[in-house]
Amino acid sequence: MRKRSFWRSLLLLLSVLGPGFVTASAGNDVGGIATYSAAGAQFGYRVLWTLVPLAVSLIVVQEMATRMGAVTGKGLASLVRENFGVRTSFFAMFALFVINTGITATEFVGIATASQMFGISRYIVIPIAVVAVFFFILRFNNKVVERTFVVFSLIYLTYIVSAVLAHPDWHAVVMGTVVPDLHFNNIEYLVVVVGLIGTTISPYMQFFLQSAVVEKGTDEQDLWMARTDVVTGSILAIALAGFMIIANAATIYVANAHGAHLAPKEAADFAAALQPLAGEGAAVIFALGILNAGLFTATVLPLSTSYVVCEALGFEAAVDRKFSEAPVFFTLFGVGLIAGAAMVLIPGLPFLKFTIYAQVVQGMLLPFELILMLIIINKRSVMGTYTNSVLANAIGWATVVIIGGLSLFYGIHLILGGFR
Amino acid sequence: MAFHEGFVSELVGRRATVNDLPIGKVADFLVNKPEDTFPAVDGLVIKTAQGPRFAPMETIADVDHDGAVALTSAPKVAAPPDSDSLYLVSDLLDKQIVDVDGRKVVRINDIELANTGGKLRVVAADVGVSGLLRRLGLKSFGKRFTPWIYKNVPRSLIAWNSVAPIRETNPSHVQLSQESKFARMHPSELAEIITDLSAREAAAVIHQLDDETAADALEHLDAETQRTIIEDIGTERAADIIEEMDSDDAADLLAELPEDQQTQLLAEMNEYTAGELRELVKYSEDTAGGLMTTDYTWIYPHRTAEQTIRKIREIAPESEFIYYLYVVDKQDRLLGVLTLRALLLAPPDATIEHIMESDVVTLATDTPARDVAATIARYDLLAVPVVDADFKMLGIVTVDDAIDAIMPENLARELPRITARKHPRPSTSSG
């Protein structure tokens with residue numbers, strides 16, 4: 001009897017859990033934890049306002065991916081290939097593969113950070129983690145993944161509790177959320193903002209979300225339910241990000257404002273944000289959290305990237321095939337996973353900086369993906385009567401322009417100011 | 001025509017000329033009979049300043065006239081609408097197809113055309129890296145700078161007679177083609193392809209199969225995939241397919257579905273099958289009742305061997321399992337069993353009750369799957385009958401169903417694929 005492959009089972013599981021979990025798992029991986037923490041620790045409550053427009057964009061982008069999947073029954077990679085041909089898909093897939101390998105590396109950064117917090121060398125832990133990832137894929141089990149998700153979600157709940165227990169200045173929280181605070185002259189602020197965008201609306205997330213919608217067999221009739229899922233899921237993901245920022249702002253940022261020097265140099269320093277809840281145990285909870293997040297995403301990301309690239313370029317893709325039957329698929333998967341892990345073994349690699357800059361690159365690539373999505377979703381030949389509304393187009397293109405503008409601004413700054 | 005063979009990507013974008021004067025560029029290729037084994041190209045779509053125009057093959061003087069396509073007269077008519085014909089570029093290029101001989105879901109990177117018998121025909125789909133490079137415009141680059149690398153890029157062409165589009169781009173052609181290319185695949189191979197597809201694509205493939213083939217393929221799928229497919233293809237078609245399935249598999253599938261859907265499907269089926277399935281659905285999946293099929297061959301005790309053989313010949317084509325013949329009375333009570341071998345070797349005038357084995361091993365409906373398999377193994381049987389308290393025949397459990405029920409799932413996946421090939425594999429790659 002033929003069973004579903006790993007990819008199919010995983011997508012189905014994601015679609016059953018709902019897009020909210022897809023978002024939470026994609027946005028709140030190691031890179032997410034690092035970026036939200038850094039934002040709160042460095043700039044306090046005044047970055048919170050960015051989450052409001054981000055939430056709107058996130059909802060619109062995810063709704064688009066959901067609608068495209070439901071109406072066409074095809075994944076985003078397929079649609080890009082069928083509407084833009086080989087050249088565009090090739091470059092899009094190349095970019096996706098490179099950035100996802102970088103993101104995979106940041107997941108291993110999480111694993112390495114956790115292992116160092118427990119006093120074990122990363123040169124021991126990373127190879128073990130790679131073996132664990134292979135094993136996990138070969139012995140895929142829905143139950144295990146479900147439990148991982150649950151443990152995974154618990155760490156975010158600890159952030160909510162910790163944020164409340166830290167007695168943040170709620171007035172400042174509200175003001176920070178509703179009053180936009182722009183600093184174009186502050187390049188570090190700009191980096192964090194683009195990083196926040198990149199980690200919250202990760203380009204790869206749209207591919208997974210749409211594939212999950214297709215796998216579930218969602219069609220036009222189910223669209224309302226799927227849309228409700230998108231809205232609740234996005235708001236949930238953004239709220240969790242908000243609490244993570246508040247927890248860090250109320251502890252590290254406030255302490256620094258009072259003369260302490262907790263300037264976080266490594267992700268491990270962000271464990272301080274959990275102290276109001278866990279006290280001495282904060283480090284352990286934080287380490288377990290990023291270990292879990294890192295392992296889980298490191299398992300899913302290289303494999304699903306390999307699937308997406310093969311879907312677009314038309315190569316055979318299946319875990320249960322022999323190497324000779326799907327050589328491109330296995331090569332991409334192997335290279336993505338091992339290159340990601342190997343990067344973390346580079347001596348002296350600045351972990352935190354690397355992790356946040358990977359999110360910045362994601363943010364800079366996002367406009368390109370959105371342009372492709374916006375063109376496809378406005379084609380009557382593809383979407384029939386389900387093309388974008390004026391509002392969705394306005395928000396979509398505004399997102400492209402704003403992120404594109406920020407990226408361009410940042411790029412010019414880099415060139416003029418030199419790479420720092 | 002100087003043109004012998006080449007790829008669509010090389011022809012698209014070429015200048016089209018009349019008397020060496022450029023009139024536009026080649027945009028697409030029209031095929032009117034895509035159901036042919038190697039369909040002929042019936043004309044070119046030329047993108048002119050006035051919009052897309054259709055140039056029938058008769059007006060094409062040379063496809064390769066100094067790197068341009070030479071026409072005898074300027075095309076006047078607009079291209080026929082997409083719904084009536086197949087366009088190679090807009091309908092097939094970049095789309096997913098199934099390679100029915102390689103059992104793979106792949107994407108068309110390029111299409112090979114060849115000039116055979118004075119006609120330009122579609123001969124193969126390029127699904128390999130070399131097709132990708134050609135489309136990327138890297139072919140000449142590769143040849144010039146890295147001849148060694150380029151020579152070693154695998155070319156993978158799939159002969160057109162093995163190319164089966166997942167979505168029939170033109171539904172009216174489905175009826176025209178005598179046999180879907182998918183029908184050439186073994187049901188277990190089809191099932192494998194279906195697990196690689198999304199729900200809607202799977203439904204599109206099922207749509208191209210006849211009921212019997214679809215039923216065979218469905219039997220090889222896991223419950224979850226079966227359910228999504230049934231939900232996608234519509235009650236009427238689903239009922240037709242389920243009717244063709246082995247009754248035990250059909251019952252398992254029905255048991256997985258919500259109550260109202262079950263009722264709807266049963267209402268669409270013929271009364272006899274529906275009645276049987278209603279009985280079978282009641283039994284739990286991992287008991288003899290859940291494993292059994294009602295598709296067994298029964299005979300009467302007072303007939304002669306010769307009469308019985310004639311009877312078997314009549315009913316055997318309908319029956320899956322004829323190796324054991326179950327002897328029953330008018331009330332369906334099991335009296336004995338006769339192997340096909342014993343029947344064939346018996347004198348023609350011997351009566352069944354004298355040659356049958358009356359000491360029959362039987363099971364009750366609630367016998368656990370493990371014990372069913374143990375019984376079959378202990379007595380070296382191909383099937384074992386399931387009876388009620390009055391010894392009334394309810395069905396049989398065959399050895400393959402018993403094995404499936406007790407074998408760990410991951411072991412079943414690791415077993416080598418044993419597949420019968422109906423057609424020898426044509427040479428699909430070269431270079």
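Note that this is a predicted model, so its numbers are computed, not measured.

Some words on the overall build of chain B
Here is step 1 of the chain: When helices and strands are counted, chain B shows 21 helices and 19 strands.
Here is step 2 of the chain: The buried share of chain B, taken over its 431 residues, is 40%.
Here is step 3 of the chain: Intrachain contacts of chain B at a sequence separation of at least 6 include 64% that bridge at least 24 residues.

Digging into the overall build of chain A
Here is step 1 of the chain: Looking only at helices and strands, chain A has 17 helices and zero strands in total.
Here is step 2 of the chain: Across the 420 residues that make up chain A, the buried fraction comes to 54%.
Here is step 3 of the chain: Partitioning the contacts of chain A with sequence separation of at least 6, the portion at a separation of at least 24 is 85%.

Quick word on the packing of helix α15 (residues 351–377) of chain A against helix α17 (residues 390–417) of chain A
Residues and elements named next belong to chain A.
Here is step 1 of the chain: For the pair α15 and α17, the least separation of the axes is 8 Å and the interaxial angle reads 150°. Looking at the two axes, α15 sits roughly antiparallel to α17. The two elements α15 and α17 meet at a crossing, and its hand is left-handed. Contacts between α15 and α17 pair G363, M364, L366, P367, L370, I371 and L374 from the former with N393, G396, W397, T399, V400, I403, G404 and S407 from the latter.
Here is step 2 of the chain: Class assignment for the residues of the contact of α15 with α17 results in nine nonpolar, six polar and no charged.

Section: the environment of I312(B)
Residues and elements named next belong to chain B.
Here is step 1 of the chain: Among the secondary structure elements, I312 is positioned in helix α16 (residues 305–315).
Here is step 2 of the chain: Using a count of 17 C-beta atoms within 10 Å as the deciding quantity, one classes I312 as partly exposed.
Here is step 3 of the chain: In this view, I312 contacts T297 and I322; residues no more than four positions away in its chain are not counted.

Some words on the environment of A267(B)
Here is step 1 of the chain: Note that A267(B) resides in helix α13 (residues 259–268).
Here is step 2 of the chain: Taking the C-alpha atoms as reference points, A267(B) and E236(B), 31 residues apart in sequence, are found 9.7 Å from one another.

Some details on the interface of chain B and chain A
Here is step 1 of the chain: Listed as interface residues are 31 residues of chain B and, on the opposing side, 22 residues of chain A.
Here is step 2 of the chain: Residue assignment for the side of chain B that touches chain A shows that the elements contributing at least two residues are β10 (104–107), α3 (129–135), α7 (187–195), α8 (199–207), α10 (223–233) and α21 (409–414) of chain B.
Here is step 3 of the chain: At five residues, α10(B) tops the list of elements feeding residues into the side of chain B that touches chain A.
Here is step 4 of the chain: Here the side of chain B that touches chain A is composed, by residue class, of eight nonpolar, seven polar and 16 charged.

Remarks on the nonpolar core
Here is step 1 of the chain: Membership of the largest hydrophobic core comes to 130 residues, with the highest contact counts inside it found for F108(A), I111(A), M244(A), I245(A) and I290(A).
Here is step 2 of the chain: Apart from residues lying up to four places away in sequence, F108(A) is in contact with I126(A), A129(A), G294(A), A298(A), G340(A), A341(A) and V344(A).
Here is step 3 of the chain: With 78 residues, the next largest nonpolar core counts A16(B), L44(B), L71(B) and A239(B) among its residues.

Some details on the sheet that holds strand β14 (residues 163–165) of chain B
Residue and element names in this part refer to chain B.
Here is step 1 of the chain: Strand order in this open sheet of three strands is β10-β9-β14, and the pairing throughout is antiparallel. In this open sheet, the two strands that pair with only one neighbour each are β10 and β14. Strand after strand, the sheet turns through a mean of 40° between neighbouring axes, direction not considered.
Here is step 2 of the chain: Bridging between strand β9 (residues 96–99) and β10 involves four bridges; their strand directions are antiparallel. Counterpart to Q96 in the pairing with β10 is R107.

Structural notes on the sheet that holds strand β12 (residues 119–126) of chain B
Residues and elements named next belong to chain B.
Here is step 1 of the chain: The strand order across the open sheet built from four strands is β1-β11-β12-β13, with neighbouring strands paired in antiparallel fashion. A strand with exactly one partner marks an edge of an open sheet, and here the two such strands are β1 (5–7) and β13 (157–159). Here the average twist between neighbouring strands, direction ignored, is 35°.
Here is step 2 of the chain: Both β1 and strand β11 (residues 110–116) contribute to a ladder of three bridges, which runs antiparallel. Bridge pairing in β11 links F7 to E112.

Observations concerning the pairing of strand β17 (residues 334–339) of chain B
Residues and elements named next belong to chain B.
Here is step 1 of the chain: With five bridges connecting them, strand β16 (residues 324–328) and β17 associate as antiparallel partners. Along β17, the bridge assignment pairs V327 with G336.
Here is step 2 of the chain: Hairpin geometry of β16 and β17 is characterised by an intervening segment of five residues between the two adjacent antiparallel strands and by a positive phi of about 70° at D332.

Details of unusual backbone geometry
Excluding glycine, most residues fall at negative phi; most peptide bonds, likewise, are trans.
Residue and element names in this part refer to chain B.
Here is step 1 of the chain: With phi around 65°, D20 is a residue other than glycine that occupies positive phi space.
Here is step 2 of the chain: Position of D20 among the secondary structure elements: in the loop between β2 (15–18) and β3 (21–31).
Here is step 3 of the chain: Although it is not a glycine, D332 adopts a positive phi angle of roughly 70°.
Here is step 4 of the chain: Note that D332 resides in the loop between β16 and β17.
Here is step 5 of the chain: When the 15 C-beta atoms within 10 Å are taken as the criterion, D332 is described as partly exposed.

A word on the environment of L196(A)
Residue and element names in this part refer to chain A.
Here is step 1 of the chain: Note on placement: L196 falls in helix α9 (residues 187–200).
Here is step 2 of the chain: Each C-alpha atom, one on L196 and one on M93, is 23 Å from the other, the two residues being 103 residues apart in sequence.
Here is step 3 of the chain: Excluding residues within four positions of it along the chain, L196 makes contact with T35, A39, T50 and L54.

Details of the pairing of strand β19 (residues 393–398) of chain B
Residues and elements named next belong to chain B.
Here is step 1 of the chain: Summarising burial for β19: six of the six residues are buried, a large majority.
Here is step 2 of the chain: In terms of strand pairing, strand β18 (residues 383–387) meets β19 through five bridges, oriented antiparallel. Paired with P385 across the bridge in β19 is I396.
Here is step 3 of the chain: Taken together, β18 and the strand that follows it, β19, pair antiparallel across an intervening segment of five residues, in which F391 is found at a positive phi of about 70°.

Focus on the packing of helix α3 (residues 30–43) of chain A against helix α11 (residues 223–257) of chain A
Residue and element names in this part refer to chain A.
Here is step 1 of the chain: Packing of α3 against α11 leaves a shortest axis separation of 7 Å and a crossing angle of 45°. With respect to each other, α3 and α11 are oriented oblique. Handedness of the crossing formed by α3 with α11: right-handed. Between α3, through I33, Y36, S37, A39, G40 and A41, and α11, the contact on the second element is made entirely by A241, M244, I245, I246, A247, N248, A249, I252 and Y253.
Here is step 2 of the chain: The class makeup of the residues in the contact of α3 with α11 is 12 nonpolar, three polar and no charged.

Topic: the confidence of the model for chain B
Segments scoring low in pLDDT should not have their predicted coordinates read at a detailed level.
Residue and element names in this part refer to chain B.
Here is step 1 of the chain: The predicted model of chain B has a mean per-residue pLDDT of 82, with 87% of residues at 70 or higher.
Here is step 2 of the chain: This stretch, residues 169–178, has a pLDDT under 50; its non-local contacts, to residues over four places away or in other chains, come to 11 contacts.
Here is step 3 of the chain: The low-confidence segment residues 413–431 (pLDDT under 50) makes 23 contacts with residues lying over four places distant or belonging to another chain.
Here is step 4 of the chain: Both scores are given for the predicted complex: the pTM is 0.78, the ipTM 0.76.

Section: α9(A)
All names here are of chain A.
Here is step 1 of the chain: Compared with the 20 Å implied by 1.5 Å per residue over 14 residues, the 20 Å span of α9 between its first and last C-alpha is a close match.
Here is step 2 of the chain: The buried fraction of α9 is high, at 10 of 14 residues.
Here is step 3 of the chain: Listed in full, the buried residues belonging to α9 are V191, V192, V193, V194, G195, L196, I197, G198, T199 and T200.

Reading the values: the criteria
Residues numbered from 1 in each chain as written. Chains lettered and ligands numbered in written order. Predicted model: local features only at pLDDT ≥ 70, side-chain atom pairs only at ≥ 80, totals over all residues. Helix = DSSP H or I, 4+ residues; strand = E, 2+ residues; numbered from the N terminus. Buried ≥ 20, exposed ≤ 12 C-beta atoms within 10 Å, placed from the backbone. Contact = placed C-beta atoms within 7 Å. Axes fitted to C-alpha atoms, helices over the stretch in contact; angles between N-to-C directions. Parallel < 35°, antiparallel > 145°, perpendicular 65-115°, else oblique. Left-handed = near helix turned anticlockwise from the far one by under 90°. Nonpolar A, V, L, I, M, F, W, Y, C, P; charged D, E, K, R; others polar. Core = buried A, V, L, I, M, F, W, Y, C linked by C-beta atoms within 7 Å. Pairing = 2+ DSSP bridges. pLDDT = per-residue confidence, 0-100. Expected span 1.5 Å × (residues − 1).

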